[in-house]
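Report on the structure
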Amino acid sequence: GDLLFQVVFHAQIAREAGHFDFDAVAESIARKLERRHPHVFAGQAPGGAAEQARLWERLKAEERRESAGGAPGSLLDDVPRALPALMRTHKLGRRAAHAGFDFPTALSAADKVAEELAETIEAAGEAGPGAPRVVEEVGDLLFAAANLARKLEVDPELALRAANAKFERRVRGMERLAAEQGLDFAALDPQALEDLWQRMKSAE
């Protein structure tokens, strides 16, 4: 009910401003559904999932060209720039994959991660931490890792959130263990911190 109210409310505002009305909204979405699902509404053979994905992207590309007045557009044009970077990486990779530009297997995507990691280490050794080249290589590494996640059918945003939560849980546990021993967590040496980390990992 609340959702429907918002749709009607915005349609009414647009009608009063002379732009469109609720009927136009309904007609527009109906036309889009029919256009993007010819295997349902136009009697075309459905084909497999991969073929349907390719058809979907081709139809969306035609819509983008129409919106641009017939000018050729990119299959990436309507991937929102306001998305969080990791989520946008996932969508960019998926959009390119639907057009056939993708790693053939998850293993090949993993090879790309290893390649980008090696380039990052090399750049850091030559240019030093924080150098523009290192920033670029780290970006490539993160992009490759997100695409590996996509090939493994893992949402990278959710996976990273879970990893963040696990890290936070373990560090809080390390702090608790240190306090129980009367130790100043911030003053511990690297080996003592590693020992606490391993204790938390074993406890989980």
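Here goes a summary of the coordinates provided. Treat the numbers as computed from the prediction; the structure is a model and nothing was measured.

At their nearest, the axes of helix α6 (residues 106–127) and helix α7 (residues 132–151) sit 8 Å apart, and the two run at 165 degrees to each other. The orientation of α6 with respect to α7, classified from their angle, is roughly antiparallel. When you trace α6 past α7, the crossing you get is left-handed. When its residues are assigned to classes, the contact of α6 with α7 shows 14 nonpolar, one polar and nine charged.

Taken N-terminus to C-terminus, the directions of helix α5 (residues 85–98) and α7 make an angle of 60 degrees; their axes are 9 Å apart at the nearest point. Here α5 lies oblique to α7, going by the angle between them. Considering how the two elements wind past one another, α5 and α7 form a crossing that is right-handed. Residues Leu-86, Thr-89, His-90, Gly-93, Arg-94 and Ala-97 of α5 lie in contact with α7, whose contacting residues are Phe-143, Ala-146, Asn-147 and Arg-150.

On to helix α1 (residues 2–16), then. Here α1 contains 15 residues, and its C-alpha end-to-end distance of 21 Å stays within 8% of the 21 Å for a straight helix at 1.5 Å per residue. Positive phi shows up at Gly-18, right after α1, with a value of about 80 degrees.

Cut-offs used in this document
- Residues numbered from 1 in each chain as written.
- Predicted model: local features only at pLDDT ≥ 70, side-chain atom pairs only at ≥ 80, totals over all residues.
- Heavy atoms only, no water.
- Axes fitted to C-alpha atoms, helices over the stretch in contact; angles between N-to-C directions.
- Helix = DSSP H or I, 4+ residues; strand = E, 2+ residues; numbered from the N terminus.
- Parallel < 35°, antiparallel > 145°, perpendicular 65-115°, else oblique.
- Left-handed = near helix turned anticlockwise from the far one by under 90°.
- Nonpolar A, V, L, I, M, F, W, Y, C, P; charged D, E, K, R; others polar.
- Contact = heavy atoms within 4.5 Å.
- Expected span 1.5 Å × (residues − 1).

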